[in-house]
Amino acid sequence: MNKAAKVFYIAFALVILTVGFGVFAPQVFEQTTSSIRTYINTAFGWYYLMIMALLLILVIVIIVSPYGKIRLGRDSDRPEFSTFTWISMLFSAGMGIGLVFYGASEPLSHFAIQPATAEVGTDEAFKEALQRTYYHWGIHIWAMYGMVALSLAFFQFRKGQPALISTTLKPLFGDRMDGPLGTLVDVLAVFATVFGVATSLGFGAAQINGGLAYLFGVPQENWVQMVIIGVVTLLFIISAWSGLNKGIKYLSNTNMVLAITLLVMVLVLGPTILILNLFTETFGAYIQNLIGLSFQSAPLDAENRSWLDGWTIFYWAWWISWAPFVSMFIARVSKGRTIREFLIGVVLAPTIFISLWFGAFGTTAIDIQKSGIDLTAFPTEQILFATYSNLPLGMIMSIIAILLVSTFFITSADSATFVLGMLSTKGSLLPSNQIKILWGIAQSLVAAILLSLGGLAAVQNTVIIAALPFSFVMILMVIALFKALNKEHQLMQRKK
């Protein structure tokens, strides 16, 4: 049995075993994974903070270094996709559903339910809520994705290696990555991708259901969410069948247009001047306090430490667990760009747009909350729609939001099936439709089964647990990348 087959069968077996555990012993599954996750957050919180900060520093170092001139591909290669389409793809694969799901609810939570350090409901809590949200979704995450994606893209397109996580470690381990060690690394990547995306699909189905319930009285029941998952599965299978240059490309552009439309509507119809003033101040404060935020671990403040464990450390582990999928997709669509162009685009463009998104939606939701309307009384998946209902054209915005969640849903699943297909076919840049569809159906079944059992929290815990071993792989990838970049730079110098 070759390596690709081993990766496929081992990963598929692990997925079935994990889902089986969740089906037949859901309470034990959730308790066990929750206990392990709590221990990791407590014992390795400092480690997650350090690794995310270090990756951001390394991104800056590479951008200003001579390595930035190296092209991801042959020197004659040029980008396959336009800059707008490329950024749309990064954005859609990275965290699309999450933006809509948490756009209003996370800043609102930091303001009205549990602020990090400020008093509930104060102006200080208002500003802090936005800064912390930018921090959780901003530059650190994209720097991490950028470094992992850079490693993958460099070895794929510059060195002609298969599109696999394991091949990026060859500068350190050589041909041993073709054996069991490499299989283990790739299985971990497949496992994290399947469950990470399945959880996101579950959130997406819940939010579409929540929007339909809020607007049209559709019942919030499991069977409705199963229907939503079934319809979306059919749509993303059609998209996956059409290929990268058609399905994902067109959907990503649609996502970006819908997202910009929604953002502009909130900016215009919401408290415009307040949004612009608060965004200017809080984004500036976020940049100014970036170093302090990056290393804040609150060792002597139990209450603040508990908040960090539940939010910041959770997010850092969550984003790391998504790194195999998101970074591999980013790498796949970035051929032909220079390293400097690649890192600036991957890190800055999403950070600025996402911060503006949370600034607009968060400010609007908190302003409504301060007016006396309690948005925290609504479930998380309905807070966005409750926010819209207090604005002009709220129904139109709600319908656009449901469309946006749906297209993000399809794009995320489509991108994931593409990546899983690559991982299961020796790193092929054009995996077969059959293997993509197989993984697509598997993802949807995992999401549907666990959603029906109320097991998404346990799966979320499982993915976060898988983030710890992958973080060690990530460190090795960065070391191997610098070794390879130095060698490549020396080779280019000799050619001159």
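That block above? That's the structure.
Each chain has its residues counted from 1, running along the sequence as written. Predicted model: local features are reported for residues with pLDDT of at least 70 only, side-chain atom pairs are reported and counted for 80 or more only, and whole-chain, interface and lining totals are derived from all residues. The side-chain quantities take in all heavy atoms of the structure and omit both hydrogens and water.

K.L.:
Can you help me understand the environment of Leu293 in this one?
P.N.:
Secondary structure elements follow DSSP: runs of H or I of four or more residues count as helices, runs of E of two or more count as strands, with numbering from the N terminus. Mapped onto the secondary structure, Leu293 falls in helix 12 (residues 290-294). It is 19 Å that separates the C-alpha atoms of Leu293 and Ala43, two residues lying 250 residues apart in sequence. With residues up to four places along the chain from it excluded, the contact list for Leu293 reads Arg132, Tyr135 and Tyr286. Residue contacts are counted whenever heavy atoms from the two residues lie within 4.5 Å of one another.

K.L.:
What should I look at first to understand the nonpolar core in this one?
P.N.:
Looking at soluble globular proteins, one finds that nonpolar side chains tend to be buried together. What is meant by a nonpolar core is a set of buried Ala, Val, Leu, Ile, Met, Phe, Trp, Tyr and Cys residues, joined one to another through side-chain atoms within 4.5 Å. For the exposure calls, accessible area comes from a 1.4 Å probe over protein chains only, and a residue counts as buried if that area is under 20% of its type's maximum, exposed if over 50%, partly exposed in between. Tyr48, Tyr145, Phe195 and Trp357 are the most contacted members of the largest nonpolar core, which has 183 residues in total. Considering every element that reaches this core, the biggest residue donor is helix 13 (residues 302-332), with 19 residues.

K.L.:
Just to check I follow, could you spell out the packing of helix 1 (residues 3-24) against helix 8 (residues 180-216) for this structure?
P.N.:
Packed helix pairs are characterised by how far apart their axes lie and by the angle those axes make with each other. Direction vectors running N to C along helix 1 and helix 8 enclose 45°, while the axes themselves pass 9 Å from each other. The orientation of helix 1 relative to helix 8 falls into the category oblique. Of the two possible hands of crossing, helix 1 and helix 8 adopt the one that is right-handed. Together, Lys3, Lys6, Val7, Ile10, Ala11, Leu14, Val15, Thr18 and Val19 of helix 1 and Gly182, Thr183, Asp186, Val187, Val190, Phe191, Val194 and Phe195 of helix 8 make up the contact between the two elements. With axes taken as lines fitted to C-alpha atoms, and helix axes fitted only over the stretch in contact, angles between N-to-C directions fall between 0 and 180 degrees. Here is the rule for angles: anything less than 35 degrees is roughly parallel, anything more than 145 is roughly antiparallel, 65 through 115 is roughly perpendicular, and the remaining ranges are oblique. When the near helix sits turned anticlockwise from the far one by under a right angle, the crossing is termed left-handed; a clockwise turn instead gives a right-handed crossing.

K.L.:
Explanation requested: the packing of aromatic side chains in the structure shown.
P.N.:
Working definition: an aromatic ring pair is given by the centre-to-centre distance plus the angle between the planes. Each pair of aromatic rings taken from Phe, Tyr and Trp, with Trp reduced to its six-membered ring, is defined by centres within 6.5 Å and is described as stacked if the planes are under 30 degrees apart, edge-to-face if over 60, and tilted in the remaining cases. One pass over the full model with this rule turns up 36 aromatic pairs. Measuring from centroid to centroid gives 5.7 Å for Phe111 and Phe126, while their planes differ by 55°, and the two rings are tilted. Of this pair, Phe111 sits in helix 4 (residues 105-112) while Phe126 sits in helix 5 (residues 123-137); the two residues are 15 residues apart in sequence, bridging distant segments of the chain. What makes Phe111 buried here is its relative accessible area of 3%. When the centroid spacing of 5.0 Å and the interplanar angle of 75° are considered together, the rings of Tyr135 and Trp316 count as edge-to-face. Placement of Tyr135 in helix 5 and of Trp316 in helix 13 is noted, with a sequence separation of 181 residues between them.

K.L.:
Sorry if this is basic, but what is going on with the side chain of Thr168 here?
P.N.:
Within the secondary structure layout, Thr168 lies in the loop between helix 6 (139-158) and helix 7 (170-173). Nitrogen and oxygen atoms within 3.5 Å of one another constitute a polar contact, given that in protein one can donate a hydrogen and the other can accept it, and given that sequence-neighbouring residues count only through two side-chain atoms. In terms of polar contacts, Thr168 uses its side chain to reach the backbone carbonyl oxygen of Ile165, at 2.6 Å.

K.L.:
Is there a simple way to explain unusual backbone geometry in this structure?
P.N.:
Where the residue is not glycine, phi is negative for most of them; where a peptide bond is considered, it is trans in most cases. The phi angle at Ala298 is positive, at roughly 45°, despite the residue not being glycine. Judged by relative accessible area, Ala298 falls into the buried class, the value being 11%. Look at Leu393: it is not a glycine, yet its phi comes out positive at around 60°.

K.L.:
Quick question: what am I supposed to make of the pattern of salt bridges here?
P.N.:
Oppositely charged side chains may form a pair once their charged atoms are brought near each other. The term salt bridge refers to a pairing of a side-chain nitrogen on Lys or Arg with a carboxyl oxygen on Asp or Glu at a separation within 4 Å. Tallied over the full model, the rule gives ten salt bridges. Taking the shortest distance from any N to any O, the salt bridge between Lys127 and Glu281 comes out at 3.0 Å. Of this pair, Lys127 sits in helix 5 while Glu281 is found in helix 11 (residues 272-288), placing the two residues 154 residues apart along the sequence. Judged by its relative accessible area of 29%, Lys127 is partly exposed. A residue is classified by how much of its surface remains accessible, and Glu281, at 43% relative accessible area, is partly exposed. Linked by salt bridges that have partners in common, Asp75, Arg158, Lys159 and Glu488 make up one network.

This is a description of form; function is not addressed.
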